[in-house]
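One letter stands for each residue in the lines below.
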Amino acid sequence: MTTPVWLCSLTVSPPFIIVIIIIIVCPGHRIISRVKHIKTMPRAEPVEYQFIHRRAGHVMVAFDKRLFVWGGYMELPHSESYTLMTPSKCLYHSAIDVFMYDPLLDTWTRRMSNGHIPLQLSGSCAAVHKQHMYLFGGWTSSTSDEYENSSNSLWRLHLPTLTWELLFPEGIPPFPCDKAACWVFKNRFYVFGGFGPSRELHTMSGIKVNFVRDSVFPSGWIDQLVYYDIENNKWVWPETRGPKPSPRAAHTADITGDKVYIFGGRFKETRMNDLHCLDLTSLRWSGNLTESAIQETPEGRSWHTFNFISENKAVIYGGFNTTQQVLKDIWVLDVTNGKWQQSPSEQAGPVLWHTSAVGFPGEVTFYGGIKNNLLDYSQPKDHAEDLLVLRFSPPSLQRLAIEAVCKHEVKLREQWHLLPHTLQHILEVRTCSDRIS
């Protein structure tokens with residue numbers, strides 16, 4: 001039997017693949033946006049698992065071409081308004097569960113982790129080093145544990161086996177806090193900023209750190225920069241040079257090469273749009289790079305995302321501005337010249353306190369968050385339940401072909417048996433009506 005034309009895009013030589021892909025699925029690759037609509041889990045599952053996509057304050061990391069999601073909370077419906085000083089109506093997600101998203105299969109999988117399970121937390125930060133995800137800090141819904149509400153504990157999750165370990169490093173630990181930013185460089189897990197309770201600074205001899213107390217709560221904003229020395233199991237407070245960023249929380253950070261860039265965040269009543277770079281080799285701060293920008297720049301924000309999609313370009317999406325508006329804009333930063341460019345965002349809705357990760361080069365995935373004002377306590381919170389994928393460069397030809405075949409399932413399914421078993425499995429999973437997508 002003759003192999004169908006669409007099947008050639010998966011099995012024959014590259015010249016044919018390129019031509020077919022362009023005809024079927026590639027009208028152009030400036031920016032490709034895809035919004036994935038969720039399906040709830042089967043009714044046999046517990047209620048919580050029917051709403052795995054209603055999640056904010058969680059963490060998401062990329063590892064082995066999959067995305068791993070942990071923690072956070074879900075806002076619950078309520079008929080009566082509440083205030084800043086009364087308990088919120090929310091449910092923290094199980095700390096045992098880890099949800100994995102496979103972009104190739106377009107499927108979510110729930111797995112139960114093991115080991116020393118962390119507290120149920122929101123506002124933690126996480127980064128990957130080799131086969132481990134390091135998780136720091138956060139806010140716990142429990143008020144009876146020894147960490148009170150803000151945590152400065154450090155956990156490590158072995159991603160292949162989903163085994164947790166609570167670490168007990170030597171040295172002076174960071175301030176307990178949530179909404180800090182973190183990254184990994186060489187064998188160091190860095191933490192910057194955060195919002196949490198004060199500490200006795202006289203017990204931190206020789207460490208330069210600023211803590212600015214909030215006008216309402218005993219907690220405040222911190223400009224702490226501290227790293228966990230993975231090889232020696234020790235917290236280290238490095239001395240830096242240059243103008244250090246102000247204390248802040250709900251900011252973002254991402255690394256490219258030996259430099260980390262930090263953008264925005266909240267300090268007191270201001271949500272900032274300053275951009276700072278720290279050279280991780282010389283430990284010198286750049287100062288505010290936004291001040292020298294010659295073109296339009298993003299407005300100040302917190303609870304946004306910031307990811308490098310290539311060596312020199314990073315993407316910012318969403319957040320919460322000083323006038324308490326939820327943002328939907330997308331900006332691309334070129335760090336070689338400091339220029340910002342706003343990108344089309346027709347399919348991107350307003351969202352804050354979501355997460356993002358780069359699972360494939362040139363492709364960033366956004367997940368979860370809240371679509372309306374998180375600080376407006378008179379109305380229920382509306383969760384963003386879609387998975388948004390922005391592509392700034394074409395994915396592999398295999399992925400494009402698989403997506404095209406699934407799109408034309410009705411016409412092509414009868415010929416799937418001609419494919420290798422591995423590809424048949426991928427197509428069957430992607431088109432299964434019972435999967436969690």
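Calculation notes
Residues numbered from 1 in each chain as written. Predicted model: local features only at pLDDT ≥ 70, side-chain atom pairs only at ≥ 80, totals over all residues. Heavy atoms only, no water. Helix = DSSP H or I, 4+ residues; strand = E, 2+ residues; numbered from the N terminus. Buried < 20%, exposed > 50% of the residue type's maximum accessible area, 1.4 Å probe, protein only. Contact = heavy atoms within 4.5 Å. Areas by Shrake-Rupley, 256 points an atom, 1.4 Å probe, with all protein chains shown as cover. Phe/Tyr/Trp six-rings, centres within 6.5 Å; stacked < 30°, edge-to-face > 60°. Lys NZ or Arg CZ within 6 Å of the ring centre and 35° of its normal. Polar contact = N/O pair within 3.5 Å; in protein donor to acceptor, adjacent residues only side chain to side chain. 1 Å grid on protein atoms, 1.4 Å probe; cavity = no way out; pocket = protein on both sides within 12 Å on 5 of 7 lines; lining within 4 Å. Points joined across faces, edges and corners; volume = space filled by probe spheres on them. Nonpolar A, V, L, I, M, F, W, Y, C, P; charged D, E, K, R; others polar. pLDDT = per-residue confidence, 0-100. Core = buried A, V, L, I, M, F, W, Y, C linked by side-chain atoms within 4.5 Å. Pairing = 2+ DSSP bridges. Axes fitted to C-alpha atoms, helices over the stretch in contact; angles between N-to-C directions.

1. A short note on the overall build of the chain
Regarding its fold elements, the chain presents five helices and 31 strands. Evaluated residue by residue, the chain yields a buried proportion of 55% over its 437 residues. Relative to all contacts within the chain whose residues are 6 or more apart in sequence, the contacts with residues 24 or more apart total 58%. Split by element, the accessible area of the chain, about 19900 Å² in all, is 52% carbon and sulfur.

2. What to know about the packing of aromatic side chains
Inspection of the entire model under this criterion finds 22 aromatic pairs. With a centroid separation of 5.4 Å and 10° between ring planes, the pair formed by Trp183 and Tyr190 is classed as stacked. With respect to burial, Trp183 and Tyr190 carry one shared label: buried. Here the aromatic residues Tyr73, Tyr92, Trp303, Phe320 and Trp353 are joined through ring pairs into a cluster of three or more. Across the ring face of Phe175, the terminal group of Arg199 is positioned such that the distance to the ring centre comes to 5.2 Å. Directly above the ring of Phe360 sits Arg399, whose terminal nitrogen or CZ lies 4.2 Å from the centroid.

3. Details of helix α3 (residues 397-407)
Of all eleven residues in α3, eight are buried, a share of seventy percent or more. Buried within α3 we find Arg399, Leu400, Ala401, Ile402, Glu403, Ala404, Val405 and Cys406.

4. Some remarks on the environment of Glu299
Tracing the backbone shows Glu299 in the loop between β24 (284-285) and β25 (305-308). In contact with Glu299, other than residues within four places in its own chain, are Phe263, Asn273, Asn321 and Leu327. One polar contact links Glu299 to Asn321, side chain to side chain, over a distance of 3.1 Å.

5. A few points about the layout of surface pockets
Here the idea is plain: a probe the size of a water molecule rolls over the atoms and shows the empty space left. Space inside the second largest pocket adds up to approximately 950 Å³. What lines the second largest pocket is a set of 36 residues, among which Met60, Ala126, Ala253, Asn307 and Ser356 lie closest to the centre. For the lining of the second largest pocket, the secondary structure elements donating two or more residues are β2 (59-63), β10 (125-129), β14 (181-185), β21 (252-256), β25 and β29 (355-360). Among the residues forming the lining of the second largest pocket, the class breakdown is 22 nonpolar, twelve polar and two charged.

6. As for the confidence of the model for the chain
Model confidence for the chain is summarised by a mean pLDDT of 86, while 83% of its residues fall at 70 or above. Of the regions scoring below 50 in pLDDT, residues 1-33 engages in 50 contacts with residues more than four places distant in sequence or in other chains. The low-confidence segment residues 37-45, where pLDDT is below 50, has 19 contacts with residues more than four positions distant or belonging to other chains.

7. Re the nonpolar core
The biggest cluster of nonpolar side chains holds 22 residues, and the ones touching the most others in it are Phe136, Leu154, Phe189 and Tyr228. Only β10, β11 (132-140), β14, β15 (188-192) and β19 (225-229) provide two or more residues apiece to this core. Excluding residues that lie within four positions of it along the chain, Tyr228 makes contacts with Tyr134, Leu154, Leu167, Pro169, Asn187, Arg188, Phe189, Asn233, Lys234 and Trp235. By size, the runner-up hydrophobic cluster in this structure holds 18 residues, among which are Val61, Leu121, Ala126 and Leu157.

8. Comments concerning the sheet that holds strand β27 (residues 326-334)
Paired through their backbone hydrogen bonds, the strands of a sheet run either parallel or antiparallel. Taken in spatial order, the four strands line up as β25-β26-β27-β28 in an open sheet, and their pairing is antiparallel. Bordering the open sheet on either side are β25 and β28 (339-343), each of which pairs with just one other strand. With strand direction ignored, the average angle separating the axes of adjacent strands in the sheet is 25°.

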